[in-house]
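# Examination of the molecular architecture
Given next are the chains, with one letter for each unit.
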Amino acid sequence: MKITIIGAGIGGLTTAIALLKKGFDVEIFEAVSEIKPIGAGIILANNAMQVYQKLGLEKAIQMQAQQISKLTVADANIKALSTLHLQDFEKRYQTANFGIHRGKLQNILLQQIPKEAIFTGKKLADFQKTDQGVSLHFTDGSSHLSEIVIAADGIHSVVRKKLFPQSKIRSARQACWRGIASMTIPERYQHEVFECWGKGERFGIVSIDANTIYWFALRNYKKDLRKEFADFDITQLGENFHPFIQEILAATPKEKIFLDDITDLSRLPSWHHQNICLIGDAAHAMTPNMGQGAGQAIEDAWVLSEMMAKEKTHLLAFEKFEALRRKKVDKIVKMSWLVGKLAHWENSVAVSIRNAMVKMTPDSVGAKQSEAVFELAKLE
Ligand SMILES: Cc1cc2nc3c(=O)[nH]c(=O)nc-3n(C[C@H](O)[C@H](O)[C@H](O)COP(=O)(O)OP(=O)(O)OC[C@H]3O[C@@H](n4cnc5c(N)ncnc54)[C@H](O)[C@@H]3O)c2cc1C
């Protein structure tokens, strides 16, 4: 049976690899005409790495990534408020969290898929269900008939918009810059995600190799991100933080800075309809505050491929897939939104209280939360 995947992002590529491993034939249709290494860095959390371990990709990723064994929330002056040590999880799951350049991850994934299975420059415009399957129509005027479609076409999914036209993208009114700085990284930040919370803004750093920092900076905005930050000088992102943050910004080439709006997706009534199934951001885009959007797409890929191999019909597979994944994903979407709002309080008094609260929260709370995120679905 041939399975059609729309979108060659992290979710689509991982799904293709997982399905190939189960003996399915796959084809991927991707909108861009050339899949180039793009973006800044990404955190692959322990749950994502457990999936890549099952898919035999853990070593290849590890070799090009930096292990992260601590998660720290700090104040604007880089004074730690809370630190979560991850070694217990590393022992339990025999893998860790990793920071990696998105382009490197993309290359590793692409190498696992036969070139002839990927069709680029194929932007899906529309589709119709027919007696034979799904008739896909692309913006270049071509069409293709598919038996089963996995839509991994991201937060602006054409497939989702047609199946669930009531679905809504929600903005957190936070602008997010991401960049890559080349610099010698002090030893203490080498294996740590370090996030500083200020007033209505935050700055995070992740080392992705010994001499490269992936950073993200977020600021509240009122109405129109592009207008409000039209003449914005990137160095201003560090003005309310410790001088180390300014050093990182100074070591970042302008062309390696990306600006995005922080958004998520309203809860869909279902992730599938007849012979079409949505995965990743197309089904459940979340704000990046827990570093889990790709992690959840990667978990989708694994669970869906397992169900496709196990169940008698694809309909049953889609139903089981959603039943196994829904509760966890819904929780992370909610939690991620709340964390993002808490991190962006603007009032000075409220910020002092927040910081004191973060400091007083026992480590066991963070550990419990991480446990729920890192644990994969039990398939039996
Ligand atoms: C600022 C920021 C930081 C983040 N950091 C992290 C992190 O550290 N860790 C983490 O786990 N997650 C993180 N995420 C989330 C993560 O990037 C996404 O959840 C993840 O990339 C989703 O993968 P996907 O394959 O579902 O969608 P996408 O990556 O969006 O891929 C969709 C693919 O489909 C293609 N496509 C779109 N429309 C069509 C069409 N009509 N026809 C054909 N192809 C189409 C696109 O070109 C693209 O290749 C972050 C997100 C943001 C915004």
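I will try to describe carefully the structure that is included in this document.

Quick notes on the rules
- Residues numbered from 1 in each chain as written.
- Predicted model: local features only at pLDDT ≥ 70, side-chain atom pairs only at ≥ 80, totals over all residues.
- Pairing = 2+ DSSP bridges.
- Helix = DSSP H or I, 4+ residues; strand = E, 2+ residues; numbered from the N terminus.
- Expected span 1.5 Å × (residues − 1).
- Buried ≥ 20, exposed ≤ 12 C-beta atoms within 10 Å, placed from the backbone.
- Contact = placed C-beta atoms within 7 Å.
- Near = placed C-beta within 6 Å.
- Nonpolar A, V, L, I, M, F, W, Y, C, P; charged D, E, K, R; others polar.
- Axes fitted to C-alpha atoms, helices over the stretch in contact; angles between N-to-C directions.

What follows deals with the pairing of strand β10 (residues 134-138). Where strand β9 (residues 124-129) meets β10, 5 bridges bridge the pair, whose relative direction is antiparallel. By the bridge assignment, Asp126 is partnered in β10 with His137. Taking the residues between adjacent antiparallel strands as the criterion, β9 and β10 are bridged by 4 residues, where Gly133 takes a positive phi near 155°. Taken together, the 4 bridges between β10 and strand β11 (residues 143-146) define a ladder with antiparallel strand orientation. Along β11, the bridge assignment pairs Ser135 with Leu145.

On to helix α1 (residues 10-21), then. End to end, α1 covers 17 Å across 12 residues, agreeing with the expected 16 Å (1.5 Å per residue, within 8%). Within α1, 10 of the 12 residues are buried, which leaves the element mostly enclosed by the surrounding structure. The complete set of buried residues in α1 reads Ile10, Gly11, Gly12, Leu13, Thr14, Thr15, Ala16, Ile17, Ala18 and Leu19. The inward-facing, buried residues of α1 abut β1 (2-6), β2 (25-29), α5 (102-110), β12 (148-151), α9 (281-284) and α10 (293-310).

In the neighbourhood of the ligand, 33 residues make up the surrounding shell, with Gly7, Gly9, Gly154, Gly280 and Gly293 lying closest. Broken down by secondary-structure element, the contributors of at least two residues to the shell around the ligand are α1, β3 (41-44), β13 (169-182), α9 and α10. Looking at the shell around the ligand element by element, the count peaks at 4 residues for α10. The class makeup of the residues in the shell around the ligand is 17 nonpolar, 10 polar and 6 charged.

In regular strands, side chains alternate between the two faces of the sheet. For strand β16 (residues 212-220), the buried fraction is high: 7 of the 9 residues fall into the buried class. Where β13 lies against β16, 9 bridges are found, and the strand directions are antiparallel. Residue pairing in the sheet places Arg178 in a bridge with Phe216 of β16. Summarising the sheet, strand β15 (residues 201-209) and β16 pair through 8 bridges and their orientation is antiparallel. Each bridged residue has a counterpart across the sheet, and for Asp209 the counterpart in β16 is Thr212.

A few words on the sheet that holds β12. Spatially, the 6 strands line up as an open sheet ordered β8-β2-β1-β12-β19-β18, and their pairing is mixed. At either end of the open sheet lies a strand with only one pairing partner, and these are β8 (118-119) and β18 (272-273). The pairing of β1 with β2 spans 5 bridges and is classified as parallel. Looking across to β2, one finds that Ile6 is bridged to Phe29. Across the face of the sheet, α1 comes into contact with β1, β2 and β12 while running at roughly 165° to β2.

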